[in-house]
Amino acid sequence: MSSAAEVSPRAHLEPFRTRRTFAIISHPDAGKTTLTERLLSAAGAIQQAGAVRGKAGQRSTRSDWMEMEQQRGISISSSVMTFEFDGLTMNLLDTPGHSDFSEDTYRTLTAVDAAIMVIDAAKGIESQTLKLFEVCRLRDIPIITFINKVDREGLAPLDLIDEIQGKLALDLTPVLWPIGQGVDFKGYIDLLEKRVVTPQGKTLAEFDAIDDLLEVESLVDDPVFMTALETLELARAMLPDFDLKVFHEGHMSPVLFGSALKGIGVAELLRTLGDWGPEPRPQPALPAPISPDEKKVSGFVFKVQANMDANHRDRIAFVRLCSGTFTRGMRLKNVRSGKDMAVANPMFFFGNNRELAEEAVAGDIVGIPNHGTLSVGDTLTEGATINVTGIPNFAPEIIRRVRLTDAMKTKQMSKALSDLAEEGVTQVFRRMVGADWIVGVVGQLQLEVLASRVAKEYGVPITFEPMGFEVARWVESDDPDELKRFITAQKTNMAEDRADAPVFLAQNAWWADRAKQDWPKIKFLTTKERH
Ligand code: G4P
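Residues numbered from 1 in each chain as written. Predicted model: local features only at pLDDT ≥ 70, side-chain atom pairs only at ≥ 80, totals over all residues.

The name given to the protein in an unreviewed UniProt entry is Peptide chain release factor 3, with Devosia riboflavina as the source organism. Its UniProt record gives the protein a comment under Subcellular location (unreviewed entry), which states: "Cytoplasm". The record in UniProt for the protein states the following under Function (unreviewed entry): "Increases the formation of ribosomal termination complexes and stimulates activities of RF-1 and RF-2. It binds guanine nucleotides and has strong preference for UGA stop codons. It may interact directly with the ribosome. The stimulation of RF-1 and RF-2 is significantly reduced by GTP and GDP, but not by GMP." (UniProt positions renumbered as here; feature names shortened; annotations may be inferred.)

Encoded structure:
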C-alpha cells in the first residue's frame, strides 16, 4: 500500500472507480494457479510465490477444507483474493477449473467485471477455455488474453492469434509481443510502454514508433529479434488498434505473451488490467439494472462456502456489492426472504488473511458469515425490492435417488441436503409421488463431493442410485390450466425443486423431446433463476 506521503493518481476518484473485480479463466494446466501466485506477489500481496497453491507440502491460502480437493489437485471451490495495486483495489475471484463445476464457475463470473483468459502457447484454445469464454460472452465481459509459457516451445504467435480470433470470434490487439520462444526466448516488445525488455526485466531499447528499433544495431543484428519484429508488424497490419470502448463492450481483447512461471509479462498484465480494466459495471436486475453510482447499498450472493477454515466451522456467503457504500453493522434486507439482518462481521480476504470489512463499495466482495440465512442468488438491499438477475440454476445432467444407510438419520440428512443445496453444491428435488429424496448435479465429481461432505460434516453416510431419469426440465406455461393438465398427466415424472417450482423428469432426451412436441404450450427450461 502507498505511504501517506505518496498521493495516488487515483486518490481523487470516487472509491468504487478504483475497484477492479476480475477472474482468471483457463483450461486446467494452462497456468492459472501459477499466474495467480505471480499476480499476488507482483502486487506485493504475498511474499512467497507458492502460497496460493493447495498442493501437498505447501502452505495453502485457500480452500484446504477438503482432502478430496487436495488429493485430486484440483480446485473445486471458488474464493476471493483481494490486493492493492497502484491505488486500486483488485478483487480476484478464483474459478474452479474442472468442468464438473461449471455451474459454480458460471455464478462466479456473474460477479466479475473483467476476465483474464490464460492460454497455453503450446496448446491454443482448449475445450474448457472455450466454454468459459462463452459464459463471459453471454455477459459481454471484457477479456484480457495472456498467452502463457513462452519460455517453452509453442505455436507461432501469429498462428495462436489466428486460432483465437477464429474460434472465439474476438478481435485481438497486441500489447506484449515475444522475441523468440522456448530456448530462443529473448524478451519482449512492450507496446504500451514502448520498450524492448529482456526476460530479466532490463530495458534494451525504447521507441516512439516501432520502426525506430531498426536503428538499434544490437537488435537488428539478431535474427530472432528481426523475426519477432516482422511478425509483430504483420500482426499489427492484420489487427485493429486498441479501442477502450470496444474492449469494455467485450468485443476486443488486448493480448500479452508471457510466462507465469518466470514472472514475465505479469507486471504488465496487472498494469493493463489497472489502466484499461473496467470499473464496476451496472448489474442486471429487476425492475431495472443497478448502476454502481447509486447511493443505496445493494449486492448479491454469488457463492456460499462452508468450512473455509477448519478452525472456524462457519459458512460464508460471498456478496458482490453492486452500489452504495456499505458500512459494518448496517442492516440489510434479504429480498428473497423479506428478512432484515444486521451485518456485524463482514469480511475482506487479503492474501492469507481475513479482515473485518469496515466499509465496502460497488465491485467489492464481502464475506458474510451466516448459518443458512443467505443462499446463492439472494439480493441484499437497504430495503428496496430489487432482484439481481442472471444467476441461474442449471438443469442437472445427473439425477440420483439418495439412499440413507441409517434410517435414524433422516432428519440430519434432510438438513445436510438443504444446507448444501443453499451453498449451490447440489440441487434437491422432491417427487410429487412418493417420498424419494432426489439430487441433481451437473457433473459426477459433484456427487462425490456431496457424499463426502454429508458424511464428514453431518455424520450421515449416503449413497446414490440411478432412478431411470436422465433429463430434468423446469416447466412453465403462459396458460396455467395447461400447466396443471401437464402436471396431472405426467404425475409420475414430476418433481418440485426447493422453491416448489415444477420439474419434469424424462427417461432420456428422446422422451423429453417427445413431451415437448406433445405439449407445445409448455416451456421446458434448462435454467431457472434462483429467486
Ligand atoms: P492450472 O492452475 O491452470 O491448472 O495450472 P498451474 O498453474 O498449476 O500450471 C500447470 C503446470 O504448468 C505446472 O507444472 C506449472 O509449473 C507449469 N507452468 C505454469 N506457467 C508456466 C510457464 O510460464 N512456463 C512453463 N514452462 N511452465 C509453466 P507442473 O509440473 O504440472 O506442476 P508443478 O509440479 O510445477 O507444480
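Having seen the model, we can carry on.
Draft legend 1. The overall build of the protein, seen in detail. When its secondary structure is counted, the protein shows 13 helices and 32 strands. When the 531 residues of the protein are sorted by exposure, 44% land in the buried category. Restricting to contacts in the protein with at least 6 residues of sequence separation, those with at least 24 account for 69%. (Helix = DSSP H or I, 4+ residues; strand = E, 2+ residues; numbered from the N terminus. Buried ≥ 20, exposed ≤ 12 C-beta atoms within 10 Å, placed from the backbone. Contact = placed C-beta atoms within 7 Å.)

Draft legend 2. The packing of helix α10 (residues 410–423) against helix α11 (residues 444–458), seen in detail. The contact between α10 and α11 brings their axes to 10 Å, and the two run at 125°. Classified by the interaxial angle, the pair formed by α10 and α11 is oblique. Crossing angle aside, the handedness with which α10 passes α11 is right-handed. Listed contacts from α11 to Q412, K415, A416 and L420 of α10 are L450, R453, V454 and Y458. Within the contact of α10 with α11, the residues separate by chemical class into 5 nonpolar, 1 polar and 2 charged. (Axes fitted to C-alpha atoms, helices over the stretch in contact; angles between N-to-C directions. Parallel < 35°, antiparallel > 145°, perpendicular 65-115°, else oblique. Left-handed = near helix turned anticlockwise from the far one by under 90°. Nonpolar A, V, L, I, M, F, W, Y, C, P; charged D, E, K, R; others polar.)

Draft legend 3. Structural detail: the pairing of strand β25 (residues 427–431). Where β25 meets strand β26 (residues 437–441), 4 bridges bridge the pair, whose relative direction is antiparallel. Its bridge partner lying in β26, F429 is registered against I438. Hairpin remark: β25 followed by β26, antiparallel, with 5 residues in the connecting loop; positive phi at G434, about 90°. Note: β25 against strand β29 (residues 494–496), 2 bridges, orientation antiparallel. (Pairing = 2+ DSSP bridges.)

Draft legend 4. Expanded view of the site of the ligand. Neighbouring the ligand are 17 residues; G31, T33, T34, S259 and L261 lie closest to it. Looking at the shell around the ligand, the element that brings in the most residues is helix α1 (residues 32–42), giving 3 residues. Partitioning the shell around the ligand into residue classes produces 4 nonpolar, 7 polar and 6 charged. (Near = placed C-beta within 6 Å.)

Draft legend 5. Region of the structure containing the packing of helix α5 (residues 157–168) against helix α7 (residues 223–238). Relative to each other, α5 and α7 sit at 25°, their axes nearing to 10 Å. Compared by their axis directions, α5 and α7 come out roughly parallel. Contacts between α5 and α7 involve P157, L158 and I161 from the former and T231, L234 and A235 from the latter. Across the contact of α5 with α7, the residue classes tally to 5 nonpolar, 1 polar and no charged.

Draft legend 6. View of the sheet that holds β26. One open sheet holds the 8 strands; their spatial order is β27-β24-β26-β25-β29-β30-β28-β31, and the pairing between them is antiparallel. The sheet terminates laterally at β27 (462–466) and β31 (523–525), the two strands that pair on one side only. Direction aside, neighbouring strands of the sheet carry axes that sit 40° apart on average. Each of β24 (398–404), β25, β26 and β27 is contacted by α10, which is oriented at about 130° to β25, the strand it contacts most.

Draft legend 7. Fine view of α10. Its 14 residues place the ends of α10 20 Å apart at the C-alpha level, agreeing with the 20 Å of an ideal helix rising 1.5 Å per residue. Along α10, the positions that sit buried rather than exposed are M413, A416, L417, D419, L420, A421, E422 and E423. In this fold, the buried residues of α10 make contact with β12 (298–306), β24, β25, β26, α11 and β27. The first or second residue beyond α10 is G424, which carries a positive phi of 90°. (Expected span 1.5 Å × (residues − 1).)

Draft legend 8. Looking closely at the environment of L380. Topologically, L380 is positioned in strand β21 (residues 379–381). Considering only alpha carbons, one finds L380 and P292, 88 residues apart in sequence, at a separation of 14 Å. Apart from the residues lying within four places of it in its own chain, the contact partners of L380 are S298, G299, F300, V319, L332, K333 and N334.

Draft legend 9. View of the nonpolar core. Core analysis: the largest hydrophobic core is formed by 99 residues, its most contacted members being A115 and V319. Summarising the domain contributions, this core has at least three residues from each of domain 1 (15–276) and domain 2 (285–388). For A115, the contacting residues outside a window of four places in its chain are F22, A23, I25, C136, I141 and I143. M413, L417, L450 and V454 belong to the second largest nonpolar core, which has 29 residues in total. (Core = buried A, V, L, I, M, F, W, Y, C linked by C-beta atoms within 7 Å. Domains from an automatic or database assignment.)

Draft legend 10. Representation of the confidence of the model for the protein within the structure. Here the protein averages 87 in pLDDT, and 89% of its residues register 70 or above. Confidence drops under pLDDT 50 across residues 47–51; counting only partners more than four residues distant or on other chains, this segment forms 9 contacts. Below pLDDT 50 for its whole length, residues 53–78 participates in 55 contacts with residues either more than four positions away or in separate chains. The ipTM value of the predicted complex is 0.97, and its pTM value is 0.83. (pLDDT = per-residue confidence, 0-100.)

Draft legend 11. Representation of the pairing of strand β20 (residues 365–369) in the model. β20 sits mainly inside the fold: 4 of its 5 residues count as buried. Of the strand pairs in this sheet, strand β13 (residues 315–323) and β20 are connected by 5 bridges, and their pairing is antiparallel. Paired with V319 across the strands is V366, a residue of β20.

Draft legend 12. Region of the structure containing the environment of I368. With respect to the element layout, I368 can be found in strand β20. Counting along the chain gives 23 residues from I368 to N345, while the straight-line C-alpha distance between them is 6.7 Å. Excluding residues within four positions of it along the chain, I368 makes contact with I316, A317, V319, V343, P346 and L374.

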